[in-house]
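Spelled out, the chains give:
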Amino acid sequence: MNRTDVCQIALCSTLIVFVVELLLLTLFSGIVFSPTTLTMAGSTLTTARATLTTHISVDKVCDELPTTLVGRIYVNNTVDERLTWQQLEGELSNVPYGGEWRPQNSSAHCLPRHVVAIIVPYMSREPQLLVFLRHIHRFLQRQQIHYCIYVVEQANTTKEFNKGRLMNAGFEEAMRQHHWSCVIFHDVDVLPEDDRNIYHCDNHYVRHMTTAVDRYNYTGGYAAHMGGVAAFTPEQYRKVNGYSNLFWLWGGEDDDMHFRLNHHKMPVKRPLAKFATYTTVRHEHAKKSKDSEKVLRMKKYGDGLKTLRNYMTIVRFEKRPLYHWILVDVGPFTPTIKTANKVTRNVSTDNKSKAKRIQNKSKSMKNNSKPIKNDSKATKKRS
Ligand code: BGC
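Residues numbered from 1 in each chain as written. Predicted model: local features only at pLDDT ≥ 70, side-chain atom pairs only at ≥ 80, totals over all residues. Heavy atoms only, no water.

## Observations regarding the sheet that holds strand E5 (residues 190–192)
Thinking step 1. Spatially, 3 strands are ordered E5-E10-E7 in an open sheet, and the strand pairing comes out mixed. Of all the strands in the sheet, just E5 and strand E7 (212–213) have a single pairing partner and so form its edges.
Thinking step 2. Note that E7 and strand E10 (residues 277–280) share 2 bridges and pair parallel. Note that in E10 the partner of valine 213 across the bridge is tyrosine 278. (Pairing = 2+ DSSP bridges. Helix = DSSP H or I, 4+ residues; strand = E, 2+ residues; numbered from the N terminus.)

Listed below in structure tokens is the structure:
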């Protein structure tokens, strides 16, 4: 029984008690009520009924496609260098401190269908972060979902970005704060163009949401691509042991996620391209690590959420006006391949050749991997 049920039962009982008492008084005391007394009693009943009605309407579940949606919109992909935090906070003054918003507290007065943590791995991209926040808050509010933005920033601002560790740390911290039923990992430089692309998860499959990206001529990139925006239930994310902690610099950890999902026979689907379209914010792209293909072939799926504590520490966790800020020390840059080679040199020849065989076998893995299916069933309902 939820809070609303309890509330409604309490109000109904009050009304019943009130009416019964009135009848008993009339029957046994012979009191004849004056018109004023009866009018007052009537107005008390009306107030009680109004309270009951308000409670019922507040607890109405939000529509799957709320009338606040606007559909496809033009998204400016250039960074506005003049945009300041003060200006943005003024523009988004309806966002509660900490960047967590619920439709119950807005004029929508409805219970959200989706309760979603948005995890944004981040390092030294302030102008893009401003543009992202300006766009995403309005976008998610139109969808009438309960959401919170977590910006997970790497404290060691060297060029060696470790996105996997940031995403794992963001997941752990967000789940500690609230029991989110859906966690969406979101690049700071991709902006959704159509709010009918509802930000939610599916218990039956992981959702790779960037089906049509301007940078890839409005396709999802290659068949096994998992980068950009990906939605997991906490159970799905834990089952694959999160992202790998072993990819340094740019790229690779999302390809590894694709193989983790295949390994666990967990399906991935993409929403229909006509809704799941994205604009990328222009910026200079970071370089891909030469090691990343090699790390990918190592298939270290035991590494991830479960081993996260070996590498990183949370430096700070605080609420900022438009988001929750998690500052993470990802530990010193330790190239995975060098470390792995060192270990291999100390083990027997047998193990060395076994490692080689695994590497060769998985060489063509990327191109031969299964393509991701479209999530047409879920999206058709909305079209
Ligand atoms: C990288 C991925 C990235 C993709 C698309 C690949 O080469 O390994 O991490 O998401 O390119 O940019």
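Anyway, onward from the coordinates.
## Regarding the site of the ligand
Thinking step 1. In the neighbourhood of the ligand, 10 residues make up the surrounding shell, with Tyr216, Gly252, Asp254, Asp255 and Lys288 lying closest.
Thinking step 2. Interatomic distance of 2.5 Å between a side-chain N/O atom of aspartate 255 and an oxygen atom of the ligand.
Thinking step 3. In the model, an oxygen atom of the ligand is placed 2.7 Å from a nitrogen or oxygen of the lysine 288 side chain.
Thinking step 4. Coverage of the ligand by the protein amounts to 83% of the 310 Å² it exposes when considered alone.
Thinking step 5. Residue classes in the shell around the ligand are distributed as 3 nonpolar, 3 polar and 4 charged. (Near = heavy atom within 4 Å. Polar contact = N/O pair within 3.5 Å; in protein donor to acceptor, adjacent residues only side chain to side chain. Areas by Shrake-Rupley, 256 points an atom, 1.4 Å probe, with all protein chains shown as cover. Nonpolar A, V, L, I, M, F, W, Y, C, P; charged D, E, K, R; others polar.)

## Looking at the pattern of salt bridges
Thinking step 1. Per the stated rule, a full pass over the model turns up 15 salt bridges.
Thinking step 2. Among the salt bridges present, the one from arginine 142 reaches aspartate 195, with a minimum N-O distance of 2.6 Å. Residue arginine 142 is located in helix H4 (residues 126–142), and its partner aspartate 195 is located in the loop between E5 and strand E6 (206–208); the two are separated by 53 residues in the primary sequence. For the residue pair arginine 142 and aspartate 195, the accessibility class agrees, reading buried in each case. (Salt bridge = Lys/Arg side-chain N within 4 Å of Asp/Glu carboxyl O. Buried < 20%, exposed > 50% of the residue type's maximum accessible area, 1.4 Å probe, protein only.)

## Notes on the state of the cysteines
Thinking step 1. Applying the stated rule across the entire model yields 2 disulfides.
Thinking step 2. Between the sulfur of cysteine 62 and that of cysteine 110 lies a disulfide, 2.1 Å long from S to S. The sign of the 95° torsion about the S-S bond sets the cysteine 62-cysteine 110 disulfide as right-handed. Residue cysteine 62 is located in the loop between helix H2 (35–58) and helix H3 (85–91), and its partner cysteine 110 is located in the loop between strand E1 (100–101) and strand E2 (115–122); the two are separated by 48 residues in the primary sequence.
Thinking step 3. On the basis of relative accessibility, which here comes to 0%, the residue cysteine 62 falls in the buried class.
Thinking step 4. Since its relative accessible area comes to 1%, cysteine 110 is described here as buried.
Thinking step 5. Here cysteine 182 pairs with cysteine 201 through a disulfide, and the sulfurs are 2.0 Å apart. Looking down the S-S bond of the cysteine 182 and cysteine 201 bridge, the torsion is 70°, so its handedness is right-handed. Note that cysteine 182 is positioned in strand E4 (residues 182–186) and cysteine 201 in the loop between E5 and E6, a separation of 19 residues in sequence.
Thinking step 6. With its bonded cysteines labelled in order along the sequence, the protein shows the pairing 1-2, 3-4. (Disulfide = S-S within 2.5 Å.)

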